[in-house]
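Topology and contacts: notes
Single-letter residue listing:
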Amino acid sequence: MKTIQAQDKEIFDLIKKEEKRQVQTIDLIASENYPSRAVRAALTSLFVAKYSEGRPYKRYYGGMENVDVLETLVEERAKKAFGLGEDWAVNVQPYSGSPANYAVYRGLLDRGDTILSLDLSHGGHLTHGSPVSLSGIDFHIVHYMVDQRTQRLDYGAIGELAIEARPKLIIAGYSAYSRIIDFEAFGKIAQKVGAYLMCDIAHIAGLIVGKAHPSPFPHADVVTTTTHKTLRGPRGAMIICREGLRDKIFPKVFPGLQGGPHNHTIAALGVALKEAVTPAFRRYASQVVKNAQALAKHLQAHDFEIVSGGTDNHVMLVDLRNKEIRGKQAQELLESAGIVTNRNTIPFDPNTPFNPSGVRFGTPAVTTRGMKEREMKQIASWISEVISTPESASRVKKEVASFCKQFPIP
Ligand code: DSN
């Protein structure tokens with residue numbers, strides 16, 4: 001930091017301001033987390049200076065003696081974290097979740113083939129076939145929805161739709177779905193219709209490693225994940241597929257989509273994966289879920305509607321329609337009180353994605369800071385106060401900043 005301060009005051013000041021913002025606010029964005037200092041240190045290592053196009057021990061550059069060992073070690077750590085054997089192949093090179101998903105599609109499908117996935121407005125992801133994403137432009141997309149009454153996945157209805165649509169790929173795994181995903185049911189549906197099953201576990205990877213959510217691996221053909229959400233690593237992604245699919249998918253990462261892997265990120269991912277197999281991480285994953293359930297319960301006590309009635313994981317969607325406020329205003333108001341969230345559509349939302357009817361809350365980041373159920377009660381109370389009495393925001397912001405001092409970012 002001292003070097004930056006001496007050389008570049010503008011960037012140094014921005015780094016300091018961002019540190020202050022993060023330290024003094026409560027981060028309820030479900031996809032964000034604070035990686036450990038060891039993970040962050042690996043990100044600043046000299047691996048950042050190394051090019052290594054290709055796969056381990058099959059490169060196009062010299063100077064590979066450490067990078068080859070590193071990448072192989074991190075692949076092995078990923079297998080260990082998810083309890084996988086020799087029948088799985090790991091690729092830790094994708095720069096992030098979006099290219100990882102696109103590489104899988106281009107590896108397994110021809111353009112125009114059918115993908116069956118959850119609609120974005122029901123909790124899916126842009127890269128699962130939204131019309132504004134290349135995934136929705138290059139492939140024929142059929143979406144399943146959550147059930148209107150239960151607001152949960154209806155595996156019978158998804159099975160029927162799969163028989164009708166005959167997809168070549170089915171996607172399970174979401175950005176805003178708060179219930180346990182029955183990967184076994186998805187595996188059976190995929191088998192019945194002869195589709196590949198891709199599980200995108202970006203949001204819940206850390207919960208899976210920490211045994212707080214069932215694993216997709218017994219049932220999936222390919223699993224993609226980002227590495228920076230509940231897994232608490234650097235910003236990056238992995239593709240893990242059945243060995244038999246390696247030669248279809250991996251060349252789509254490099255040379256198909258990407259150039260040289262980001263070796264500093266891969267080093268940091270290795271550090272995060274070592275942390276993720278510890279008993280402390282298992283306790284973390286379990287606390288993330290306990291905190292989400294406590295936050296949902298206390299919000300319900302303040303008359304907030306939680307989509308599907310609660311949560312089994314790290315995330316919840318709040319339907320604000322009974323509060324006479326829309327998602328955008330709620331997000332902005334909460335931010336002015338030091339509580340950072342994101343607006344989100346709710347299933348069957350009558351409003352637009354730009355100003356939808358809901359907000360999404362998640363507990364990975366606050367749990368990393370050491371907050372527990374008691375703090376979730378306090379946060380729910382602030383959220384309720386600020387939404388019902390906007391004038392309280394500036395006072396709450398001061399209270400939040402003081403409260404945050406007790407919970408340092410690692
Ligand atoms: N944008 C991420 C999220 O917030 O869920 C997913 O890519």
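Residues numbered from 1 in each chain as written. Predicted model: local features only at pLDDT ≥ 70, side-chain atom pairs only at ≥ 80, totals over all residues. Heavy atoms only, no water.

**Looking at the pattern of salt bridges**
- A full pass over the atoms with the stated rule returns 17 salt bridges.
- Residue R55 pairs with E71 through a salt bridge whose shortest N-O separation is 3.8 Å. Separated by 16 residues along the polypeptide, R55 in strand β2 (residues 54–55) and E71 in helix α4 (residues 65–82) bring together distant segments of the chain. The residues R55 and E71 share a single accessibility class, namely buried.
- Two residues, D68 and R59, come together in a salt bridge whose shortest N-O distance is 2.7 Å. Per residue, the accessibility class of D68 equals that of R59, and both read buried.
- The structure contains a network of salt bridges with shared partners spanning R55, R59, D68, E71 and E75. (Salt bridge = Lys/Arg side-chain N within 4 Å of Asp/Glu carboxyl O. Helix = DSSP H or I, 4+ residues; strand = E, 2+ residues; numbered from the N terminus. Buried < 20%, exposed > 50% of the residue type's maximum accessible area, 1.4 Å probe, protein only.)

**Some details on the site of the ligand**
- Surveying the vicinity of the ligand reveals the residues S31, H125, S175, H203, K229 and R360.
- H125 places a side-chain nitrogen or oxygen 2.7 Å from an oxygen atom of the ligand.
- Note that an oxygen atom of the ligand is positioned 2.7 Å from one of the side-chain N or O atoms of R360.
- Protein burial of the ligand: of its 230 Å² of free accessible surface, 63% is covered by the chains.
- Taken together, the residues that form the shell around the ligand break down as no nonpolar, four polar and two charged. (Near = heavy atom within 4 Å. Polar contact = N/O pair within 3.5 Å; in protein donor to acceptor, adjacent residues only side chain to side chain. Areas by Shrake-Rupley, 256 points an atom, 1.4 Å probe, with all protein chains shown as cover. Nonpolar A, V, L, I, M, F, W, Y, C, P; charged D, E, K, R; others polar.)

**A closer look at the UniProt feature "binding site: (6S)-5,6,7,8-tetrahydrofolate" (unreviewed entry) in the chain**
- In the numbering adopted here, UniProt assigns the feature "binding site: (6S)-5,6,7,8-tetrahydrofolate" (unreviewed entry) to L120, G124, H125, L126, E243, T352, P353 and F354. With a sequence span of 235 residues, these residues are also far apart in the fold, their greatest C-alpha distance being 42.0 Å.
- In this fold, L120 is placed in the loop between β5 (114–118) and α6 (134–138).
- When its relative accessible area of 37% is taken as the criterion, L120 is described as partly exposed.
- Not counting the four nearest positions on each side in its chain, L120 is found in contact with H125, L126, S130 and T345.
- Non-local contacts of F354, meaning those with residues more than four positions away in its chain, are made with K328 and R343. (UniProt positions renumbered as here; feature names shortened; annotations may be inferred. Contact = heavy atoms within 4.5 Å.)

**As for the sheet that holds strand β15 (residues 358–362)**
- Spatial ordering of the open sheet is given by β11-β12-β15-β14, a layout of four strands whose pairing is antiparallel. Where the open sheet ends on each side, the last strands, each with one partner, are β11 (305–306) and β14 (342–344).
- Bridge analysis of strand β12 (residues 315–319) against β15 gives five bridges, and the strand direction is antiparallel. In the sheet register, M316 faces β15, and the bridge partner there is F361.
- Across the sheet, helix α12 (residues 279–301) touches β11, β12 and β15, and the angle it forms with β12 is around 15°.
- Contacting β14 and β15, helix α13 (residues 327–336) runs over the sheet at an angle of about 45° to β15. (Pairing = 2+ DSSP bridges. Axes fitted to C-alpha atoms, helices over the stretch in contact; angles between N-to-C directions.)

**As for the UniProt feature "site: Plays an important role in substrate specificity" (unreviewed entry) in the chain**
- Per the UniProt entry, the sites bearing "site: Plays an important role in substrate specificity" (unreviewed entry) are H228 in this numbering.
- Within the secondary structure, H228 sits in the loop between β9 (222–226) and β10 (237–242).
- For H228, a relative accessible area of 8% gives the class buried.
- Beyond its immediate sequence surroundings of up to four residues, H228 is in contact with S31, N33, S96, G233, P234, R235 and G236.
- At 3.4 Å, the side chain of H228 and the backbone nitrogen of G236 are in polar contact.

**Describing the side chain of D349**
- Tracing the backbone shows D349 in the loop between β14 and β15.
- No salt bridge is formed by the buried D349; the nearest opposite charge belongs to R321, separated by 6.2 Å.
- Within the structure, D349 has its side chain in polar contact with the side chain of S357 (distance 2.5 Å).
- Not counting the four nearest positions on each side in its chain, D349 is found in contact with N344, P356, S357 and G358. (Lys, Arg positive; Asp, Glu negative; His and termini not counted.)

**Brief notes about the pairing of strand β7 (residues 169–172)**
- Side chains L169 and I171 of β7 all project onto a buried face; the interleaved residues I170 and A172 project onto the opposite face, where all are buried too.
- Bridge analysis of β5 against β7 gives two bridges, and the strand direction is parallel. Residue pairing in the sheet places L116 in a bridge with I170 of β7.
- Two elements, β7 and strand β8 (residues 196–200), share four bridges in a ladder whose sense is parallel. When the sheet's bridge partners are listed, I171 is paired in β8 with M198.
- For the handedness criterion, the β-α-β arrangement of β7, helix α8 (residues 183–193) and β8 is classed as right-handed. (Right-handed = clockwise from strand over helix to strand, strands pointing away.)

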